[in-house]
Number of protein chains: 2
Amino acid sequence: MNNQSADQTDLTPRIESVLAEVARGEDAAIRKLLDLIAIPSVSSEAPGSEGIARAAIWLRDALEDMGLQARIVETEGHPVVLGASDGDGSRPRMLFYGHYDVQPTGPLTDWTHPPFAPTILDEDGLRRFYGRGASDSKSQLWTFLEALRAWKTVHGAFPAEIVVLLEGEEESGSASLPDFIARHRDDLRCDIAFICDGDMWSREQPAITTQLKGLVHEKVTIHTPHSDLHSGYFGPVAANPIRILSGILAGIHDADGRIAIEGFYDDVQEIPDKMRDQWRHLSASSDVTGGVSLEGGVIERGYSTLEAMWGRPTVDINGITGGNQGPTGRSVLPGTAHARLTFRLVAGQDPDLLRARFHAFVRARVPAGCRAEFEGEGYGPAIVLSQDNPYLHATARGFEAEWGNPTVLKGTGGAIPLVHQLHTALSVDCIVVGFILGSDAIHGPDEHYDVERFGAGVRAWVRAFAEYEKIE
Amino acid sequence: MNNQSADQTDLTPRIESVLAEVARGEDAAIRKLLDLIAIPSVSSEAPGSEGIARAAIWLRDALEDMGLQARIVETEGHPVVLGASDGDGSRPRMLFYGHYDVQPTGPLTDWTHPPFAPTILDEDGLRRFYGRGASDSKSQLWTFLEALRAWKTVHGAFPAEIVVLLEGEEESGSASLPDFIARHRDDLRCDIAFICDGDMWSREQPAITTQLKGLVHEKVTIHTPHSDLHSGYFGPVAANPIRILSGILAGIHDADGRIAIEGFYDDVQEIPDKMRDQWRHLSASSDVTGGVSLEGGVIERGYSTLEAMWGRPTVDINGITGGNQGPTGRSVLPGTAHARLTFRLVAGQDPDLLRARFHAFVRARVPAGCRAEFEGEGYGPAIVLSQDNPYLHATARGFEAEWGNPTVLKGTGGAIPLVHQLHTALSVDCIVVGFILGSDAIHGPDEHYDVERFGAGVRAWVRAFAEYEKIE
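None of these values were measured; they are calculated from a predicted model.

Scoring rules and cut-offs
Residues numbered from 1 in each chain as written. Chains lettered and ligands numbered in written order. Predicted model: local features only at pLDDT ≥ 70, side-chain atom pairs only at ≥ 80, totals over all residues. Heavy atoms only, no water. Pairing = 2+ DSSP bridges. Helix = DSSP H or I, 4+ residues; strand = E, 2+ residues; numbered from the N terminus. Axes fitted to C-alpha atoms, helices over the stretch in contact; angles between N-to-C directions. Buried < 20%, exposed > 50% of the residue type's maximum accessible area, 1.4 Å probe, protein only. Contact = heavy atoms within 4.5 Å. Least-squares fit on C-alpha atoms with pLDDT ≥ 70 in both.

### Some thoughts on the sheet that holds strand β4 (residues 120-123) of chain B
Residue and element names in this part refer to chain B.
Okay, so step 1: Sheet architecture is open: three strands sit in the order β4-β5-β18, paired in antiparallel fashion. The sheet terminates laterally at β4 and β18 (448-450), the two strands that pair on one side only. Going across the sheet, the axis of each strand differs from the next one's by a mean of 35°, ignoring polarity.
Okay, so step 2: Where strand β5 (residues 126-130) meets β18, three bridges bridge the pair, whose relative direction is antiparallel. The residue bridging tyrosine 130 from the neighbouring strand is histidine 448, located in β18.

Here you go:
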């Protein structure tokens, strides 16, 4: 079902007039979007780079043109563009996040279409445009800005008090963002945050990410009481840290794919039945891994692939290093070996407690005379958007009205540091949405998007705005 | 017991007169030895280095002075100095091996005594001399050369037909030696080879290494059907090659330290009772590991430390590499992981068969859809000198006569590529001996040796020569 045939009974006059404005302004919006894509705001450039600076100025001007107070805020890295509407606090305050930086192009010879001279081509029944950032994420941020512009043009005011946060470092790790958030808590204060850098479930089906797993990084090093030795002499009698570490790692999972660390599942909140039902339906009708072969993998018994990916806690071994790393054989019995692991947590699990349980698991398996050393890096608990959040349902309804298909409530095993930071620093719920498709070639050559999807995204936001107005 | 009190009934006039010549010539021999140590024949220098070239010329001249036909044979790397006596084939032909190259000095500031300006100091009741190569291995080669010189001086002929092989690349891997041996089979033809680069059991007790373990290098790589993935997304469902590899490595040894590879022990020859008895005696009276802590090690049940080190086959994990090797966390699920192992074999075990058994062991543990890839490097079977070899017993008797203590018949877990090469190319038995002590600081700063031990070594050879004459 497309927008023409969407449920007409839901179209209040407030929406109809805005959708008409969206249609009227679409050509201009696309022209401006292509101008933005043409600016090479490559994230990996040094601070002060011309492309980043031009994009920030361009966006500040665009925010001002649509009636927001806008400014460029310098950081240690690339600047943030911040916009805000007037407001006396009588209406809800909504934050919209996007990022204007883009991945490097890689070799230009890999591109059929130039990355920073975007053109529109009619292909596969779509008006497709190519360029670095076309999908990730300049089109994304431009959907909510264009929806806000159209709404204000028609109604003379934004649908709520508005904060716009446009970041310039997302593609290079968002290093300056925590500091920025800490310094601008007042500017960022809001009732709900919309993080628009996500993807659709499919071209026909929108999605909202409501479950983010928690993340714990651990490095474990096994120390023996000896330094590197000749393995010919001492291999048969001295401790081998690779052998010890291998035994520990091999014991983390049982044959059913369950984690054998004592107490690991104690506080785990099971996947809600309603969500599980929806995920089962998705699994039955979709390739949930995008073509990645799972052969040889062990999925936790009792759970589907999607449930394991989105709703179950995991321990992943990310790296292991010990002894001879050279291209040829060398008879070394190393003194130490180490592994890097990540724990992906679900709601209910406490990172500190799990870390302690992992340490106990390892220490119980280190022989006398040897020892385990642990180094932890950044971590945080899982974030699960309450199923009662009214903006979640309003957004889902708005999107559903645009595409005519139910909005998928997704989980993800990937971290979104921004969401953790906003959630922690501002205690605000985040609605993670977006219109990227796996086929957009984001981060690769010939990244692209299409006019049709852009228009649908803008309309979806307009429909969601109307739903937000209904929230008591 | 020292030489003055050695069993006088064994001293034939043929020995006595030679020992007198050794005593008479000792000062001159030490002076010449110090001259040789003063030449910086550093093994890691590029071919053509001045130190290596000077040492080769010096040694060729020394061989000629003592009545051998001598020449310098160039190789791809450092030259070999080759000496040979006259001979019509009527007497046994004996090869003596030593090496004249030395380890780099490392930082000169770590040396109290200059490495290439050797001086003699009276210390701890010894006349000790310091210098790079003082122990490893210029004093070693000079013991047999001085013994041969004294014997010829007294008796007008060497104790046998003599081949002297002085290598210049031992400390950097003997890369040119296999080719040299292949090209000079006729020159190297002999009935027995004495490899003089080994160590004593203690200052009072000589040793001969009679058991060399075989060596198989293996690299195993676990390939999953996927390339590197985001572990947050795919960790719970796709194959983790580190987890698979850890499971395989952890399963190689059982809790008793026995190797669980099927058939691994099938053809193993047990340690002969007589040797086992001697090793038990040594274990009871010595620190067999030189102070290395064995805490956390698992010694094969039923065997002593020394038996495991010298007489039992092993599988050692030398290195492991997979996924994130970086200094910080990264959520990668790698596509591959690999480990490097060495197998140390004892008599009876066939390297090819064991390799095949290991491959089968691994393949049985690789899940469907993944695969194991193997790369083997150089390998060879164990070499065990027959307990019936007459030169073994003659040498042991000669050495015992010098020190008054039984000669230890050692094993070693370390490879001596030269022995494998000579054994393979010339089908010749090798008697591995030498007078290095663990306290000589070989390869380190302030390497040293002493006049007393040098004299004893020369006399030990003279006594051994007399024993060789008795062989039918």
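### Here we look at the pairing of strand β11 (residues 314-323) of chain B
Okay, so step 1: Among the 10 residues that make up β11 of chain B, nine are buried, leaving the element largely enclosed by the rest of the structure.
Okay, so step 2: Strand direction decides the pairing type here: strand β11 (residues 314-323) of chain A and β11 of chain B, joined by five bridges, are antiparallel. Note on β11 of chain B: the bridge partner recorded for glycine 323 of chain A is glycine 319 of chain B.
Okay, so step 3: Relative to strand β13 (residues 336-345) of chain B, β11 of chain B runs antiparallel, the two sharing eight bridges. Following the sheet pairing, threonine 321 of chain B is matched in β13 of chain B by histidine 338 of chain B.

### Observations concerning the sheet that holds strand β5 (residues 126-130) of chain A
Residue and element names in this part refer to chain A.
Okay, so step 1: If you walk across this open sheet you meet the three strands as β4-β5-β18, and the pairing is antiparallel. Bordering the open sheet on either side are β4 (120-123) and β18 (448-450), each of which pairs with just one other strand. The average angle at which neighbouring strand axes cross in this sheet is 35°, direction not considered.
Okay, so step 2: Sitting on the sheet, helix α3 (residues 134-155) touches β5 and β18, and the angle it makes with β18 is about 40°.
Okay, so step 3: Sheet strands touched by helix α13 (residues 451-470): β4, β5 and β18. Its angle to β18, the strand with the most contacts, is close to 65°.

### Some points on the relation of the copies chain A and chain B
Okay, so step 1: Turning chain A through 180° and shifting it by 0.1 Å along the axis lays it on chain B, with an RMSD of 0.1 Å. Expressed as a symmetry operation, the mapping of one chain copy onto the other fits a two-fold axis.
Okay, so step 2: In this assembly, 100% of the residues forming the interface of chain A have copies in chain B that are likewise at the interface, indicating an isologous arrangement.

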